[in-house]
Amino acid sequence: MQTPDDLFPIVYDELRRLAGHLRGPRLGDHATSLVHEAYLRLADQPVVAESPLHFRRIAARAMRFVLVDRARERGSAKRGGDWQRVTLEGLGDGHSDIIDLVDALERLKQADEVAFDVVELRFFGGFSVPETAETLGVAPRTVDRAWRRAKAFLGAALS
């Protein structure tokens, strides 16, 4: 078993590449800060990883949480912070795309936990099909099927 201090230097470049993939236009050139913030969150917790691959999964989840928190902060500030919110029917809720994605992912997790794990590893973790299969202890074909189910579910949920 290894700690984040042991594994972070090993997977740092790969995490920066992943953060660059996740950042998109909203995050700009802050891939390094995303990786560092995720690391700080992990350093505050008793995290023990079985392998560098397992640590990548843990770090990908931490980066997802950082992105979600940033989106919520932007949404909160943009919508009046601590003002009392009054919604009017038919006007929509105004959530940003990432908040909608998080909500859809939570629904996917309730409906199909394997598909959720595959999305988390493949999209947020940058894992290949074989790496995902190894991490989840399933066959690559199972990963492919779960990936297709997840894309269909999320496509319907976000349309």
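This structure is a prediction, so every number in the text was calculated from the model and none was measured. (Residues numbered from 1 in each chain as written. Predicted model: local features only at pLDDT ≥ 70, side-chain atom pairs only at ≥ 80, totals over all residues. Heavy atoms only, no water.)

1. As for the packing of helix α5 (residues 113-124) against helix α7 (residues 140-158)
The test is simple: The axes are straight lines fitted to the C-alpha atoms, using for helices just the contacting stretch, and the angles between their N-to-C directions are given from 0 to 180°. Working definition: helices are DSSP H or I runs of at least four residues, strands are E runs of at least two. Numbering for both runs from the N terminus. By the definition adopted for this analysis, an angle is roughly parallel if under 35 degrees, roughly antiparallel if over 145, roughly perpendicular if from 65 to 115, and oblique otherwise. Note on contacts: a residue pair qualifies if any of its non-hydrogen atoms lie within 4.5 Å across the two residues. Classification convention: Asp, Glu, Lys, Arg as charged; Ala, Val, Leu, Ile, Met, Phe, Trp, Tyr, Cys, Pro as nonpolar; all other residues, Gly among them, as polar.
The contact between α5 and α7 brings their axes to 8 Å, and the two run at 95 degrees. The pairing of α5 with α7 is recorded here as roughly perpendicular in orientation. In contact with V114, A115, V118, V119, R122 and F123 of α5, α7 contributes V143, A146, W147, R149, A150 and L154. Among the residues making up the contact of α5 with α7, the classes are represented as ten nonpolar, no polar and two charged.

2. What about the confidence of the model for the protein chain?
Rule in force here: As a per-residue quantity, pLDDT reports the predictor's confidence and falls between 0 and 100.
Overall, the prediction assigns the protein chain a mean pLDDT of 77, with 79% of residues at 70 or greater. Helix α1 (residues 4-27) is the least confidently modelled element of the protein chain, averaging 71 in pLDDT, while α7 averages 94, the highest of any element.

3. Section: the packing of aromatic side chains
Centre-to-centre distance and the angle between the planes together describe a pair of aromatic rings. Short version of the rule: A pair of Phe, Tyr and Trp rings is counted when the ring centres sit within 6.5 Å of each other, with Trp represented by its six-membered ring. The angle between the planes then sorts it: under 30 degrees is stacked, over 60 is edge-to-face, the rest tilted. Only protein chains enter the area calculation, which uses a 1.4 Å probe; residues under 20% of their type maximum are buried, those over 50% are exposed, and those in between are partly exposed. Both a distance and an angle decide whether a charge sits over a ring: NZ of Lys or CZ of Arg must be within 6 Å of the ring centre and within 35 degrees of the ring normal.
Within this structure, the stated rule accounts for one aromatic pair. Where F123 meets F124, the ring centres are 4.9 Å apart and the plane angle is 90 degrees; that geometry is what we call edge-to-face. Given the relative accessible area of 6%, F124 is considered buried. The ring of F124 carries R64 above its face, with NZ or CZ at 5.6 Å from the centroid. Here the basic side chain of R122 rests over the ring of W147, its NZ or CZ set 4.7 Å away from the ring centre.

4. With respect to the nonpolar core
Where we set the bar: By nonpolar core we mean a set of buried residues, namely Ala, Val, Leu, Ile, Met, Phe, Trp, Tyr and Cys, connected to one another through side-chain atoms within 4.5 Å.
In this structure, L15, L42, F55, M63, L105 and L108 are the most contacted members of the largest nonpolar core, which totals 36 residues. Of all the secondary structure elements, the ones that give two or more residues to this core are α1, α2 (31-43), α3 (52-78), α4 (97-111), α5, α6 (129-136) and α7. Residues within four places of F55 in sequence aside, it is in contact with P4, L7, F8, V11, L15, L42 and A49.

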